[in-house]
Amino acid sequence: MAVTAKPKLDAQKLRADFPIFEQLVHGKPLAYLDSAVTSQKPRYVLDALLNFYETSYGNVHRGVYWLSERATAEFEAARDKVRGFVNAPSAKEVIFTRNATEALNLVAYAWGWDNLGPGDTVVVTELEHHANFVPFQFIAQRTGATFKAIPIDGAGELQLDALDGLAAEGNIKLVAVGLISNSLGTINPVEKIAAWAHEQGAVMVVDAAQAAPHKAIDLQTLGADFLAISAHKMCGPSGVGALWGKAELLEAMSPFNMGGQMIRQVRMEKTTWNELPYKFEAGTPPMAEAVAFGAAVDYLTAIGLDAIEEHEHELAAYALDRLGELDWITTYGPPADRRAGIVSFNVEGVHPHDVAQILDWEGIAIRAGHHCAQPLMAKLGVAATNRASFYLYTVRDEIDRLVAGLHKVRKVLT
Amino acid sequence: MSEFDQLYREVILDHYKNPRGHGVIEGADAEADGQNPLCGDEVSIYVSFGEDDTIEDVKFSGRGCAISQASTSMLMEMVKGRSAHEVATMSKDDLLEEVGIPLTPIRLKCALLGLWTLKVALHKGKGTPLPEEAAGLDDLSLN
Ligand SMILES: Cc1ncc(COP(=O)(O)O)c(C=O)c1O
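In this text the structure is predicted, and so the values were computed from the model without any measurement.

## Structural notes on the site of the ligand
All names here are of chain A.
Link 1 in the chain: Every residue close to the ligand is listed here: Asn99, Ala100, Thr101, His129, Ala131, Asn182, Asp207, Ala209, Gln210, Ser230, His232 and Lys233.
Link 2 in the chain: At a separation of 3.1 Å, an oxygen atom of the ligand approaches a polar side-chain atom of His129.
Link 3 in the chain: One of the side-chain N or O atoms of Asp207 is found 2.5 Å from a nitrogen atom in the ligand.

Put into structure tokens, the structure is as follows:
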């Protein structure tokens, strides 16, 4: 059988889909190297958003009239697209949230509150984004459970040999791990950790906010019990995200937010809950955003997640090579083959704010800060780093501009 | 001058590269720590008082960007020898005028971290009033 090589992604061509690149920043073309914080939007997604408002806008699951039915159909079609995107068995397990943060808080509260107590242990990692750290730390403290973190090594990779020690210390009930670290780009061995978590009888929470934009997610093999994503990081609009959870777990949980739509029957003495997923979707949801989220899924799927992953991978390797030539640059994180399109670095003697500020004048947008991962920064012994992150519209030339900009930073500040 | 050249103008770079009042006062009469939650930067301010309530010596340590280091360095020069009560009511504009560059709201936080932290130190040492902006610094909670 002939094997046809998959066509590679043409980033230069895809850039034309993104209206944001049509303008100049400080008189220069925009080199947007901060996609890990939020991605830019293709015209296709923007059109879906506007089109919904112009042709289908009504409240979902409320009216008996044509418009409401049409809005509901589009909203539910988007839910099914998200289901397909993560290869979940059923759309009723897909709950629309505001973002990944809300999805993770939903798990911490609605699962944690009823299932954690003294003698139980909650495990996160030192790499986690605050969104996958603080809610679980908080709920552990409130319920009297112990809170632990899987440590990382000097290259920012999880030290799995620490797992047995953690298991010996207490009754592990919940394990929360990010699939890809937003700070270092580390791709974590989530399948392995999930298998371990299940051996302990724990539920496995996977923060896929940073992974979903960049690689195919398959819930049939990942080993997750809960998974959180945000549309805005994957070419979708801000204001919507999703939680996927195993139906049996979601069924057994109390709701998180209360109000309209999530109820079955309200009586003075007692209220009963709506079926999944509506039990967890109180109030008017982000409807147009959810529909455009579905369009973003279509857009990414048409390009192909494998092609996106490979493209980013090449860019990360190229950036690490170019930065590696400069002895006044320190890069953090694992080797290129075990990281996504994210490169964190510092310029010797120069604070990241100053680096980012000077680069801004060159039209280059990078992130400077702690990347919502202060425990990780403490471990690396820095307050902050610079971070350049790439996406399907990033081209090599932008990395060359970054390197040239860093030379200018050196010139001005040292 | 372009906005860029203004932001990193000579005097800012001079204070950044040769900060005045950088260091620690052992056995200071008052000290306070401030953090910028945005970037994780930290500054510690140390004050020793002379007669009455004059600021006899003042120093800072910590880490930060050029803007925060330079403006805190300028602040040290501005307040040394002045009365704690006077400095406690000093407006942020006095410092910003000295810094003399256009700042976005985010960079404003960098530029003013030293000032708010100094005001917390003065409050701890001399009971001077605290500005709203000091809330959260030095684990202080204001109502
Ligand atoms: C790994 C990771 N988890 C969670 C989040 C939170 O996503 P959101 O802000 O969309 O809720 C982010 C976003 O920065 C992230 O990178």
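## Some thoughts on the nonpolar core
Taken as a class, soluble globular proteins show a tendency for nonpolar side chains to be buried jointly.
Link 1 in the chain: Val175, Leu227, Ile229, Phe293, Leu300 and Leu392 of chain A are the most contacted members of the largest nonpolar core, which totals 80 residues.
Link 2 in the chain: Ranked by residues supplied to this core, first place goes to helix 10 (residues 287-303) of chain A with 11 residues.
Link 3 in the chain: Split by domain, this core shows at least three residues from each of two domains, domain 1 (11-36 + 304-413) and domain 2 (47-302) of chain A.
Link 4 in the chain: In terms of nonpolar packing, the next biggest core, distinct from the first, is built from 75 residues, Trp328 and Val409 of chain A together with Ile12 and Leu113 of chain B among them.

## What about the pairing of strand 3 (residues 55-63) of chain B?
Residues and elements named next belong to chain B.
Link 1 in the chain: One ladder, built from eight bridges, connects strand 2 (residues 41-49) with strand 3; its direction is antiparallel. When the sheet's bridge partners are listed, Tyr46 is paired in strand 3 with Lys59.
Link 2 in the chain: Hairpin geometry of strand 2 and strand 3 is characterised by an intervening segment of five residues between the two adjacent antiparallel strands and by a positive phi of about 55° at Asp52.

## Observations concerning a nonpolar patch on the surface
Link 1 in the chain: A contiguous nonpolar patch, built from Tyr109, Trp113 and Phe138 of chain A and spanning about 300 Å² of accessible area, is present on the exposed surface.
Link 2 in the chain: With respect to the helices and strands, the residue Tyr109 of chain A is situated in helix 4 (residues 100-115).

## Some thoughts on the sheet that holds strand 1 (residues 30-36) of chain B
Residue and element names in this part refer to chain B.
Link 1 in the chain: Pairing is antiparallel across the open sheet formed by three strands, whose spatial order is 1-2-3. Each edge of the sheet is formed by a strand with only one pairing partner; in this case those strands are strand 1 and strand 3. Taken over all neighbouring pairs, the strand axes of this sheet differ in orientation by 15° on average, direction set aside.
Link 2 in the chain: Here helix 3 (residues 66-79) sits on the sheet and contacts strand 2 and strand 3; the angle it forms with strand 3, its principal contact strand, is near 175°.
Link 3 in the chain: Along the sheet, helix 6 (residues 105-126) makes contact with strand 1, strand 2 and strand 3, crossing strand 1 at roughly 150°.

## Describing helix 3 of chain B
All names here are of chain B.
Link 1 in the chain: With 14 residues, helix 3 should reach 20 Å at 1.5 Å per residue; the first-to-last C-alpha distance of 20 Å fits that figure.
Link 2 in the chain: Within helix 3, 13 of the 14 residues are buried, which leaves the element mostly enclosed by the surrounding structure.
Link 3 in the chain: Once helix 3 finishes, Gly81 follows within two positions and takes phi at roughly 90°, a positive value.

## Description of the interface of chain B and chain A
Link 1 in the chain: Contacts between the two partners involve 19 residues from chain B and, on the opposite side, 18 residues from chain A.
Link 2 in the chain: Together chain B and chain A conceal approximately 1,500 Å² of surface at their shared face, both sides included; 58% is due to carbon and sulfur atoms.
Link 3 in the chain: Along the contact surface separating chain B from chain A lie one salt bridge.
Link 4 in the chain: Between Asp354 of chain A and Arg107 of chain B there is a salt bridge, and its shortest N-O distance comes to 3.5 Å.
Link 5 in the chain: The tally of links from chain B across to chain A stands at three residue pairs in polar contact (both at pLDDT 80 or more).
Link 6 in the chain: Sorting the residues of the side of chain B that touches chain A by element identifies helix 1 (3-7), helix 2 (10-17), helix 3 and helix 6 of chain B as the ones contributing at least two each.
Link 7 in the chain: Its residues assigned to classes, the side of chain B that touches chain A comprises 12 nonpolar, two polar and five charged.

## A few points about the pattern of salt bridges
As a working rule, side chains carrying opposite charge can pair if their charged atoms are close by.
Residue and element names in this part refer to chain A.
Link 1 in the chain: Within this structure, the stated rule accounts for 26 salt bridges over all chains.
Link 2 in the chain: Across the pair Asp298 and Lys81 runs a salt bridge, and its minimum N-O distance is 2.8 Å. A residue pair is termed long-range when its members are at least 10 positions apart, and Asp298 in helix 10 and Lys81 in helix 3 (residues 66-86) qualify at 217 residues.
Link 3 in the chain: On the basis of relative accessibility, which here comes to 28%, the residue Asp298 falls in the partly exposed class.
Link 4 in the chain: Looking at Lys81, the relative accessible area reads 32%, which means it is partly exposed.
Link 5 in the chain: Where salt bridges share partners, they join Lys28, Glu362 and Lys408 into one cluster.

## Observations regarding the environment of Leu106 of chain A
Residues and elements named next belong to chain A.
Link 1 in the chain: As for its position among the elements, Leu106 is in helix 4.
Link 2 in the chain: When its relative accessible area of 2% is taken as the criterion, Leu106 is described as buried.
Link 3 in the chain: Expressed as a C-alpha distance, the spacing of Leu106 and Gly260, which sit 154 residues apart in the sequence, is 17 Å.
Link 4 in the chain: In this structure Leu106 touches Ile95, Thr97, Trp111, Leu243, Met253, Phe256 and Phe280, once residues within four positions along its chain are discounted.

## Concerning the domain arrangement of chain A
All names here are of chain A.
Link 1 in the chain: Along its sequence, chain A is carved into domain 1 (11-36 + 304-413) and domain 2 (47-302).
Link 2 in the chain: Put simply, the middle of domain 1 and the middle of domain 2, counted by C-alpha atoms, are 28 Å apart.
Link 3 in the chain: On the domain 2 side, the residues contacting the 33 residues of domain 1 number 32 residues.
Link 4 in the chain: Both sides of the domain 1 and domain 2 interface together cover about 2,600 Å² of buried area, and 57% of this is carbon and sulfur.
Link 5 in the chain: When residues of domain 1 are sorted by the area they lose upon contact with domain 2, Leu305, Leu376 and Tyr391 head the list and together hold 22% of the total.
Link 6 in the chain: Between the two partners, domain 1 and domain 2, sit two salt bridges.
Link 7 in the chain: A salt bridge links Lys379 to Glu126; the shortest N-O distance between them is 3.0 Å.
Link 8 in the chain: Run the count over domain 1 and domain 2 and you get 19 residue pairs in polar contact (both at pLDDT 80 or more).
Link 9 in the chain: Sorting the residues of the side of domain 1 that touches domain 2 by element identifies helix 11 (305-324), strand 14 (342-347) and helix 13 (374-380) as the ones contributing at least two each.
Link 10 in the chain: Broken down by element, the residue count for the side of domain 1 that touches domain 2 peaks at six residues, all from helix 13.
Link 11 in the chain: Its residues placed into classes, the side of domain 1 that touches domain 2 shows 19 nonpolar, six polar and eight charged.

## A short note on a negative patch on the surface
All names here are of chain B.
Link 1 in the chain: Judged by side-chain charge, Asp29, Glu51, Asp52 and Glu56 come together as a negatively charged surface patch.
Link 2 in the chain: Structurally, Glu56 is set in strand 3.
Link 3 in the chain: For Glu56, a relative accessible area of 52% translates into the label exposed.

Conventions and cut-offs
Once a new chain begins, its residue numbering starts again from 1 and follows that chain's sequence as written. The order in which chains are written sets their letters, starting at A; the order in which ligands are written sets their numbers, starting at 1. With pLDDT at 70 or above as the cut-off, local features in this predicted model cover only qualifying residues; side-chain atom pairs require 80 or more to be listed or tallied, and sums for whole chains, interfaces and linings still use all residues. Excluded from the side-chain calculations are hydrogens and water; all other atoms, namely the structure's heavy atoms, are used. In these notes, residues near a molecule or strand are those with any non-hydrogen atom within 4 Å of it. Counting of polar contacts relies on pairs of N or O atoms within 3.5 Å, with two restrictions inside protein: one atom must be capable of donating a hydrogen and the other of accepting it, and residues adjacent in sequence are counted only when both atoms are side-chain atoms. Definition of nonpolar core: a set of buried residues of the types Ala, Val, Leu, Ile, Met, Phe, Trp, Tyr and Cys, connected through side-chain atoms within 4.5 Å. Each residue gets one of three labels from its accessible area relative to the maximum for its type: buried under 20%, exposed over 50%, partly exposed in between, using a 1.4 Å probe on protein chains only. Going along the chain from the N terminus, every DSSP run of H or I of four or more residues is numbered as a helix, and every run of E of two or more is numbered as a strand. As used throughout, domain bounds are those supplied by an automatic or database domain assignment. Pairing between strands requires that DSSP locate at least two bridges from one strand to the other. A patch is a set of surface residues, each over 30% in relative accessible area and not in a salt bridge, joined within 9 Å for like charges and within 5 Å for the nonpolar side chains Val, Leu, Ile, Met, Phe, Trp and Tyr. Only the protein chains shown count as cover for residues, and the accessible areas themselves come from Shrake-Rupley with a 1.4 Å probe. A pairing counts as a salt bridge when a side-chain nitrogen of Lys or Arg comes within 4 Å of a carboxyl oxygen of Asp or Glu. Lines fitted to the C-alpha atoms define the axes, with helices restricted to the stretch that makes contact. Angles between their N-to-C directions range from 0 to 180 degrees. The contact rule is simple, with two residues in contact once any of their heavy atoms fall within 4.5 Å. One less than the number of residues in a helix, times 1.5 Å, gives the span that helix is expected to have. When two components associate, each loses some accessible surface as probed by a 1.4 Å sphere; the sum of these losses over both components is called the buried area. Polar here means any residue outside two lists: the nonpolar Ala, Val, Leu, Ile, Met, Phe, Trp, Tyr, Cys and Pro, and the charged Asp, Glu, Lys and Arg; Gly therefore counts as polar. Neither His nor the chain termini are counted; the positive set is Lys and Arg, and the negative set is Asp and Glu. The atom standing in for a charge is NZ when the residue is Lys, CZ when it is Arg, CG when it is Asp and CD when it is Glu.

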